[in-house]
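Results of the structural survey
Here is how the chains run, residue by residue.
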Amino acid sequence: QHVSSLSSSSSSLLKSTAAPEDTTETATAASSSSSSTTSDRDILVRAARGEQVERTPVWLMRQAGRYMAAFREYSDKYPFRERSETPSMAIELSTQCHKAYGMDGIIMFSDILTPLPVLGIEFDVIKGTGPVISTDIQTEEDVKALSEDYDFDKKLPFIREILSSLSKAAEEGDTSLIGFVGAPFTLAAYTIEGKSSKHCLDTKKLMMADETGESKTMSMFLDRLAQLIGEYGCHQIECGAQVIQVFESWAHQLSPKGFVDFAKPASQKAIRIIKERYPDTPVIYFANGGSAYLELQKDMGADMICIDWSVDMAQARKILGPDVPVSGNLDPTVLFGTKEQIEQAVRDCIDKAGGPGKHLLNLGHGVMQGTPEEAVGWLVDECKRYKGKEGA
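So, how was this worked out
Residues numbered from 1 in each chain as written. Predicted model: local features only at pLDDT ≥ 70, side-chain atom pairs only at ≥ 80, totals over all residues. Heavy atoms only, no water. Helix = DSSP H or I, 4+ residues; strand = E, 2+ residues; numbered from the N terminus. Expected span 1.5 Å × (residues − 1). Buried < 20%, exposed > 50% of the residue type's maximum accessible area, 1.4 Å probe, protein only. Arc of directions from axis to C-beta. Contact = heavy atoms within 4.5 Å. Polar contact = N/O pair within 3.5 Å; in protein donor to acceptor, adjacent residues only side chain to side chain. Pairing = 2+ DSSP bridges. Right-handed = clockwise from strand over helix to strand, strands pointing away.

Another aspect to go through is helix 12 (residues 201-212). The end-to-end C-alpha distance of helix 12, which contains 12 residues, comes to 17 Å, matching closely the 16 Å that a straight helix rising 1.5 Å per residue would cover. For helix 12, the full list of buried residues reads Thr-203, Leu-206, Met-207, Ala-209 and Asp-210. Summarising the axial view, the buried residues of helix 12 lie within an arc of 165°, below the 170-degree limit, and thus occupy one face. Buried residues belonging to helix 12 abut helix 11 (184-193), helix 13 (217-238) and helix 14 (256-277).

Encoded structure:
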């Protein structure tokens, strides 16, 4: 996974494709029932809700990735979309790392761009290049032409099959199932630029045109994406996901003002749609490169803020305050260090977050290609073992 005019009334947020009532109740009940017992099965879910738990749980962004030889057997042979949209392959790639290392969560192998075809935006992921989007969004008319039919079972039928199977695998593996979505700004920027971009200049030109009133393309597109992403998050929950992480993968492209004016309200809308329909399902918000304006993330509406590796965990705690649950934020390159260095980094992060059971351990970005496989095992094992300074 790659890891990613907007304010509306509550009624309008939920007007499109609400789940059938029995499906919604089933998903809500399943989410609620997970907190009734204390076990490894739901320790990540409880932590993501902000509960203090018996030890620090752990999962890693891009834990299903090319650092694993077993993963490369597929990635070297099959293109990305075939792997992520073929249930048998996606299920295998999602579960390999849990079988090997026992993280506290399985995350669906997919991409933040996966729901874009629901709107009529086409993309592919080219090996060595990354995502390439062929649909042009430059004008208000382009946005108005996008589909408003959010029928995920019709347009993305593989998602239900993948998540339903992973839900059973998570239960059998005594672990949690994590779903994820890209944040609206990141998806908008990817689409407008057409591919990965160093400066996001076309996107920023549309933001400036929006500010002057010359064109409302950007705010219209963000609003449409927020609705899509909110609905997609709900769909994942209905298919079995117990936690949703929202990836603002291109937060580093934003100034604090750009974040406040464009990215933040769009993400808040998407999160609000999810939380109004599934209040017991925790939502984690991750702004990669957004530590420069961490104080602006206190009121995202998410249950937890995931922190990138560019800020010290103790400082992040101070900025956000004691009432904001956090996850993160080890530097992914520490996994190229010695066993002792990795274990020390784990202990330091847990201590700075408040001690064992006080946060959700993760990297501050994804596992890097070339990471030694045994290093991931050392990280997970130390996190599960560590009892704090007194009990170490």
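What follows picks up the thread again.
A separate point is the environment of Asp-153. Structurally, the position occupied by Asp-153 is in helix 9 (residues 152-155). We classify Asp-153 as partly exposed; its relative accessible area is 34%. Put simply, Asp-153 and His-235 are 82 residues apart on the chain and 8.9 Å apart in space, counted from C-alpha to C-alpha. Those residues in contact with Asp-153, other than ones at most four positions away along the chain, are Arg-160 and His-235. Within polar-contact distance, the side chain of Asp-153 engages the side chain of Arg-160 at 2.9 Å.

Attention shifts here to unusual backbone geometry. Cis geometry is adopted by the peptide bond preceding Asn-329, which originates at Gly-328 and carries an omega value of -10°. Locating Asn-329 in the fold gives a position in strand 8 (residues 326-330). Phi is positive for Asp-174, close to 55°, though the residue is something other than glycine. The residue Asp-174 is located in the loop between helix 10 (157-172) and strand 4 (176-182) in this model.

Below, the discussion takes up the pairing of strand 6 (residues 283-287). Of all 5 residues in strand 6, 5 are buried; the element is thus mostly enclosed. Residues Val-283, Tyr-285 and Ala-287 point to one face of strand 6 and Ile-284 and Phe-286 to the other, with burial holding for every one of them. Here 5 bridges tie strand 5 (residues 243-248) to strand 6, and the two strands are oriented parallel to one another. By the bridge assignment for strand 6, Glu-248 is matched with Ala-287. For the handedness criterion, the β-α-β arrangement of strand 5, helix 14 and strand 6 is classed as right-handed. Taken together, the 3 bridges between strand 6 and strand 7 (residues 304-306) define a ladder with parallel strand orientation. Across the sheet, Ile-284 pairs through a bridge with Met-304, a residue of strand 7.

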